[in-house]
Amino acid sequence: MADYQKREGLFEKVYEIVRTIPEGKVATYGQIAKMLGTSDPRKVGWALAANSDSETPCHRVVNKEGGVAKNFGKSLGGDIGWEVQRSKLEDEGIFFVDEQHVDLTRHLWSL
DNA sequence: AGAGTGACTCATA
DNA sequence: CTATGAGCCACTC
């Protein structure tokens, strides 16, 4: 398995970038992957999966379609599902085109 | 150094 | 829309 406690490396970079996402914005795994210098969006999701830091707004990270992850499982220090993630995003003023899809046309984070 | 895993993405049907 | 298969790369054992 790979859900052990991470030490250092790619993970920290992901966390830093995710923390850089301003409120009311969302970033995609692919975008973050690019910033990391990798071409594997999986690494991003994986990094977040290994993380459970309440300081990292994982809920602002969505897939390419703006859809929230289905396997959040635990993050931000508790039982969280896409419904919880959605609430958090809405609380930041983010619009949803449907229950599981963020309006990327308005909230996609870009430099 | 080899195998297993993964919160993604893309292509195809 | 859903379902499959493949690509990809860091991490742990």
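Structure shown above.
Every chain begins its residue count from 1, and numbering advances along the sequence as written. The order in which chains are written sets their letters, starting at A; the order in which ligands are written sets their numbers, starting at 1. The predicted origin of the model limits local features to residues at a pLDDT of at least 70 and limits the giving and counting of side-chain atom pairs to 80 or more, whereas totals for whole chains, interfaces and linings rest on all residues. Side-chain descriptors were evaluated using all non-hydrogen atoms of the structure, hydrogens and water having been removed beforehand.

## Some words on the overall build of chain A
Part 1 of the argument: Helix and strand counts for chain A come out as five helices and six strands.
Part 2 of the argument: Secondary structure follows DSSP: runs of H or I at least 4 residues long count as helices, runs of E at least 2 residues long count as strands, and numbering of each begins at the N terminus. Starting at the N terminus and ending at the C terminus, chain A contains elements arranged as α-β-α-α-β-β-β-α-β-β-α.
Part 3 of the argument: Expressed as a percentage of its 111 residues, the buried residues of chain A come to 40%.
Part 4 of the argument: Contacts are residue-level and defined by heavy atoms, with any inter-residue pair within 4.5 Å sufficient. Here the contacts in chain A between residues at least 6 apart in sequence split such that 63% fall between residues at least 24 apart.
Part 5 of the argument: Summed over its atoms, the accessible surface of chain A is roughly 6,900 Å², and 46% of this surface lies on carbon and sulfur atoms. Each residue gets one of three labels from its accessible area relative to the maximum for its type: buried under 20%, exposed over 50%, partly exposed in between, using a 1.4 Å probe on protein chains only. For accessible areas, the Shrake-Rupley method is used with a probe of radius 1.4 Å. Any residue's cover is judged against the shown protein chains and nothing else.

## Re the protein's contact with DNA strand B
Part 1 of the argument: Note on definitions. A residue lies near a molecule or strand when any single heavy atom of the residue is within 4 Å of it. Inspection of the region around DNA strand B gives 17 residues, with Arg42, Leu48, Ala49, Phe72 and Ser75 positioned closest.
Part 2 of the argument: Put simply, 57% of the atoms of DNA strand B that lie within 4 Å of the protein are in sugar or phosphate.
Part 3 of the argument: Throughout this description, a polar contact denotes any pair of N or O atoms lying within 3.5 Å of each other; where both atoms belong to protein, one of them has to be capable of donating a hydrogen while the other can accept it, and for residues adjacent in sequence the pair is counted only when both atoms sit in side chains. Between Leu48 and DNA strand B, the recorded distance is 2.8 Å, taken from a backbone N or O atom to a base nitrogen.
Part 4 of the argument: The contact in question runs from a phosphate oxygen of DNA strand B to an N or O atom on the backbone of Lys64, over 2.8 Å.
Part 5 of the argument: Secondary-structure elements contributing two or more residues to the surface near DNA strand B are helix 2 (29-36) and helix 3 (41-50).
Part 6 of the argument: In terms of residues, the surface near DNA strand B owes the most to one element, helix 3, which gives seven residues.
Part 7 of the argument: Residue composition of the surface near DNA strand B, by class: nine nonpolar, five polar and three charged. Note on residue categories: nonpolar means Ala, Val, Leu, Ile, Met, Phe, Trp, Tyr, Cys or Pro, charged means Asp, Glu, Lys or Arg, and polar means any other residue, Gly included.

Remember that the coordinates give geometry; whether it matters functionally is a separate question.
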